[in-house]
Amino acid sequence: MGKWALFLIFTVMCFVPACLKEKKTDMLVENLRCEYLENPLGIGETRPRLNWVLESSVRGQKQTAYRILVASSRENLEKNIGDLWDTGKLMSDRSTQIVYGGKELTSRMRCYWKVCAWDRNGAMTACSAPAFWRMGLLSNDDWEGKWIGMKHIERKSPASGEELPPGPPVPCLRKAFTLQEPVKRAVVYVTARGLFELHLNGRPVGGDVFAPGWTDYNKRIQFHTYDVTPLLNQGENVLGAILGDGWYSGYLSWTRKRGHYGLQNSLLVNLELEYGDGSREVIATDETWRCAESPIVSSDMLMGENCDARKEMPGWGAPGFDDSSWEPVITVEKPKARLVAQSSQPVRVTEHITPVSVNEPRKGAFVFDLGQNIAGWARLEVKGERGTEVTLRFAERLNPDGTIYTTNLRSAGCTDTYILRGGEQEVFEPRFTFHGFQYVELTGYPGVPDRDAVTGCVIHSNTPPVGTFECSDPMVNKLWLNARWSQRGNFISIPTDCPQRDERLGWMGDAQIFIRTATFNMDVAAFFTKWMVDVEDAQSEEGAFSNVSPQIEDLKHSEGAPAWGDAGIIVPWTVYRVYGDKRIIEKHYQAMEHWMDFIQRANPDLVRRNRLGNNYGDWLSINADTPKDLLATAYWAYDARLMSRMAKVIGREQDAAKYEKLFEDIRAAFQKTFVLPGGRVQGDTQTGYVLALSMDLLPEDIRPSAAEHLVEDIREKDWHLSTGFLGVRHLNPVLTGMGYADVAYRLLTTDTFPSWLYPIINGATTIWERWDGWTREKGFQDPGMNSFNHYSLGSIGEWLFRHVAGIDLDPEVPGYKSVIIRPYPGGGLEHARAEYSSIHGKICSGWSRGTDSIELDLTIPANCSATVYVPAAPDATVLESGQAADKAQGVTLLERKDGYAVFAVGSGKYSFTGSPAK
Ligand code: BGC
């Protein structure tokens, strides 16, 4: 027997018993994410963060160690060769925000990765399914070729009051090229000043719309990356692009002006081909491309799109098309802006809606009702004679006579027209415009359309849905759904205020008010990470955050309004809390400090008076007038406290102390200036009390009387709210926290004006901008500012998840690694339930009332723990899965207080029975 054979026998003898003893685990490693995205192509982050989710049905399951392998090829990964990074087995329970620490990542690199984990018994999981990320082009110098476009001819600017002229015709650009050999891999990097739709051999590349998304194009322009290997053929191939106006050159806001960033649209494409022998070739945009006007006669986000199908050029994007009558493109100067990888989910069409009805309130004007207010466009199917012109107009509401109500769109034209080519059935879908609408008016249609002649196409940033809420009151369910729809209608590349009128801006106040609600509905980690860069880009040299981000020159104020500019502090804090993301704090810390210094310089006496900019106060409050300086000062104190916490998170202890001291000082100034004896707060408004209480600005001993004054005011208003954007978010959480959950429920379920449910009984399918957007007595509010799709007043969603269903963050631990489950059953609800896929996995909490009991069912993800508050009278027995809860497996009684029995649990499913709160 040779020595190798002996060695083999020896090895087998040593290892077989170990294998036999190998512990088994049911734990799985799933949902691998890089920079919050699933298998992203073309990222720009050279130290990307990795996350995964652990699944297990075992109670108290935990990760005790992990190993990450990152390989430069799929084959290496399969062989467990982590040639880019192999962490080895690391004893750690972390499964989120793990910063890549392997070999340097450079442009175009491909990284394949997987994770294996060890459970609480030290048993190893099967490794996760392989995932990957690819690096984008990290520097502007990585790009070859030139920026190209079609010569721009601007139409005359309108005099004020005159109708706004459309932009120029939308060009198609094309380039034919020949491949002698089959390619091994083809990746295209593409961006535009304007919007692009890229085609390869006549087929659209990727499903993204409105690409690249909105940034301050003077500072950064995002590019998209697609793997197009399967779209290429040997022989002739054609790259084609359609180049629209979008945010870059189209109308923006109410300024009645085009070209806020530039007027000449241009395109940059690098198609990188890799052959079997390792050689490379780049097909880039240059002067050899050709262009022609497309059938899109004009297209603008606010105005709509006009398409003349008679101008179609069949096959223009495919091989074999004769482009000799096309013009050569022009080359355009390179931008100074940095080209950066698209880092959040692109905008996509996410749903199609068939109308619920069609009526003809006026001869020849057919009005389709989608049954839902959306952002997007209408797809039209039509058959008729060549040259027939069909017009589509859009509205959120109807006039009493059934015609569409468009006055609130202000100068936004929101009209699409389509001229038929004639012959077979035709389908029209605009490419570079979107509208905010529930109703579509169709005129010029040849004949009488069927209800399905029109389809509503819903668009928004494709942030993955993560939360659901449901309870026994259908009106409350509708309220949650409406807020979710307003999120969908307004998270379009950036968080906008509204999708219909000539505005659609990244208003910062709205975003900070709604962000926490937004996190429960969709995974918005990447979305807000990207937007914070826009926020920093918009900061003034003096340190002022803006009112809107991205900034538009014409809207610049020298200082963002209180609660608007403060989004620059609140957004990073929220992203940290919800996703455990420290990097967003580190990255924007200097900008935040700059803002804090800016406010302090302007307000040395520690009462914040916005001298240089606007102060919108408690925007759109009703029957109340909260002093603006009070709100401003409260927000400043809040900023200081958050800064102190954030400084601590990133290890800046001195700053933490400095900002805590600032908080204390502003708090003292607040009390001196705005707090009256007996716990009254100047102005005596709900919002004043709510902010003073939620931002911890009152001495401990007067908090209860301030809460009484708050409730008094609600009672005096016959149990109605009066809060605007700023107060509304904190109203129900404060009432609940101060022991008035019953009042919070009363406000929630009131349907008389003003209330959350009043719009719903009047047909709302989204959240309205104003409590009185439409009332029975007065009809429509002033059309000068009356959107029916604004999410701010929908910030109640946060309370539905946190307090009604009871899923909350541990104040000390970010990212739901430690969960607080504390429902407040009330308001006559029989049951309520929420499911939320946190960064650590899915959390569920649902309660239902029995005759003398209350059931609380919950799921805590593996590797997480929870503190569970089961409603129970002080001496009542609490059961878990039918047995005494304190004896149940993995359940520890911590204490009994405030009508709850409080337990500590690990991961797993639990079913508690308590007694209903009296
Ligand atoms: C927008 C708001 C915004 C506000 C500033 C409005 O026109 O629609 O949502 O926050 O202006 O006060």
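Our subject is the structure listed above.
Caption draft 1: The arrangement of the overall build of the chain in detail. Along its length, the chain carries 16 helices and 51 strands. Its C-alpha radius of gyration of 29 Å places the chain within 12% of the 29 Å reference for a compact globule of 918 residues. With the C-alpha coordinates aligned to their principal axes, the bounding extent of the chain is approximately 100 × 90 × 55 Å. Going through the 918 residues of the chain one by one, you find that 62% of them count as buried. For the chain, contacts bridging at least 24 residues in sequence account for 74% of all contacts bridging at least 6. Carbon and sulfur atoms form 50% of the exposed surface of the chain, whose accessible area is close to 34,600 Å².

Caption draft 2: The site of the ligand, seen in detail. Around the ligand, a shell composed of Asp497, Arg501, Glu503, Trp507, Asp510, Trp564, Tyr616, Trp619, Phe725, Glu769, Met785 and His790 is seen. In the model, an oxygen atom of the ligand is placed 2.7 Å from a nitrogen or oxygen of the Asp497 side chain. Measuring from an oxygen atom of the ligand, one finds a side-chain N or O atom of Trp564 at 2.9 Å. Protein contacts shield 96% of the accessible area of the ligand, which totals 310 Å² for the unbound molecule.

Caption draft 3: Quick look at unusual backbone geometry. Each neighbour pair has its own omega, and for Ser549 with Pro550 the value is -5°, a cis peptide bond. Tracing the sequence through the fold places Pro550 in the loop between α6 (525–537) and α7 (567–579). Pro754 follows Phe753 through a cis peptide bond whose omega is -10°. Here Pro754 shows up in the loop between α14 (741–749) and α15 (757–761). The phi dihedral of Asn80 is positive, around 60°, even though this residue is not glycine. Mapped onto the secondary structure, Asn80 falls in the loop between α2 (74–78) and β4 (85–86). The backbone of Tyr816 sits at a positive phi, close to 65°, despite the residue not being glycine.

Caption draft 4: The arrangement of the sheet that holds strand β41 (residues 807–809) in detail. Judged by pairing direction, the sheet is mixed, and its five strands sit side by side in the order β41-β42-β46-β50-β49 without closing on themselves. Of all the strands in the sheet, just β41 and β49 (891–897) have a single pairing partner and so form its edges. Ignoring strand direction, the axes of neighbouring strands in this sheet form an average angle of 25°. Pairing of β49 with strand β50 (residues 900–905) involves six bridges; the strand directions are antiparallel. Bridging across to β50, Lys897 finds its partner in Tyr900.

Caption draft 5: The arrangement of the packing of aromatic side chains in detail. What the rule picks out here adds up to 49 aromatic pairs. Consider the rings of Tyr405 and Phe780, whose centres lie 3.7 Å apart with planes at 10°: the pair is stacked. Within this pair, whereas Tyr405 is found in strand β29 (residues 404–405), its partner Phe780 is found in strand β40 (residues 779–780), the two being separated by 375 residues in sequence. Taking the relative accessible area as the measure of exposure, Phe780 reaches 22% and is therefore partly exposed. Geometrically, the ring pair formed by Phe491 and Phe514 is edge-to-face, given 6.4 Å between the ring centres and 80° between the ring planes. Of this pair, Phe491 sits in strand β35 (residues 491–492) while Phe514 sits in helix α5 (residues 508–521), placing them 23 residues apart in sequence. What makes Phe491 buried here is its relative accessible area of 2%. Among the aromatic residues, those joined into a cluster by ring pairs are Phe469, Trp480, Phe520, Phe801, Tyr816 and Tyr836. Taking the ring centre of Phe132 as reference, the NZ or CZ of Arg134 above it sits at 5.3 Å. Taking NZ or CZ as reference, Arg397 lies 5.4 Å from the ring centre of Phe788, over its face.

Caption draft 6: A look at the state of the cysteines. A complete count under the given rule lists one disulfide for this structure. At a sulfur-sulfur separation of 2.2 Å, the disulfide partner of Cys116 is Cys127. The chirality of the disulfide connecting Cys116 with Cys127 is right-handed, given an S-S dihedral of about 80°. A residue pair is termed long-range when its members are at least 10 positions apart, and Cys116 in strand β7 (residues 110–118) and Cys127 in the loop between β7 and β8 (131–134) qualify at eleven residues. Cys457 takes part in no disulfide bond, and the closest cysteine sulfur, belonging to Cys307, lies 15 Å away. Looking at Cys498, it has no disulfide partner, and the nearest cysteine sulfur is the one in Cys414, 10 Å off.

Caption draft 7: Examining helix α12 (residues 703–716) more closely. Given a rise of 1.5 Å per residue, 14 residues ought to cover 20 Å, and the 20 Å separating the end C-alpha atoms of α12 matches this to within 8%. Restricting attention to buried positions, one finds in α12 the residues Arg703, Ser705, Ala706, Ala707, His709, Leu710, Val711, Asp713 and Ile714. On its buried face, α12 is in contact with β38 (680–681), α11 (686–694), α13 (725–737) and α14. Following α12 by one or two positions, Asp718 adopts a phi angle in the positive range, close to 55°.

Caption draft 8: Seen up close, the sheet that holds strand β10 (residues 171–179). Spatially, β13-β12-β15-β10-β18-β21 is the arrangement adopted by the six strands of the open sheet, whose pairing is antiparallel. Of all strands in the sheet, those bounded by a partner on one side alone are β13 (203–204) and β21 (327–328). Across eight bridges, the pairing between β10 and strand β15 (residues 235–244) is antiparallel. Paired with Ala176 across the bridge in β15 is Val238.

About the criteria used
- Residues numbered from 1 in each chain as written.
- Predicted model: local features only at pLDDT ≥ 70, side-chain atom pairs only at ≥ 80, totals over all residues.
- Heavy atoms only, no water.
- Helix = DSSP H or I, 4+ residues; strand = E, 2+ residues; numbered from the N terminus.
- Rg over C-alpha atoms; globule rule 2.2 N^0.38 Å.
- Buried < 20%, exposed > 50% of the residue type's maximum accessible area, 1.4 Å probe, protein only.
- Contact = heavy atoms within 4.5 Å.
- Areas by Shrake-Rupley, 256 points an atom, 1.4 Å probe, with all protein chains shown as cover.
- Near = heavy atom within 4 Å.
- Polar contact = N/O pair within 3.5 Å; in protein donor to acceptor, adjacent residues only side chain to side chain.
- Pairing = 2+ DSSP bridges.
- Axes fitted to C-alpha atoms, helices over the stretch in contact; angles between N-to-C directions.
- Phe/Tyr/Trp six-rings, centres within 6.5 Å; stacked < 30°, edge-to-face > 60°.
- Lys NZ or Arg CZ within 6 Å of the ring centre and 35° of its normal.
- Disulfide = S-S within 2.5 Å.
- Expected span 1.5 Å × (residues − 1).

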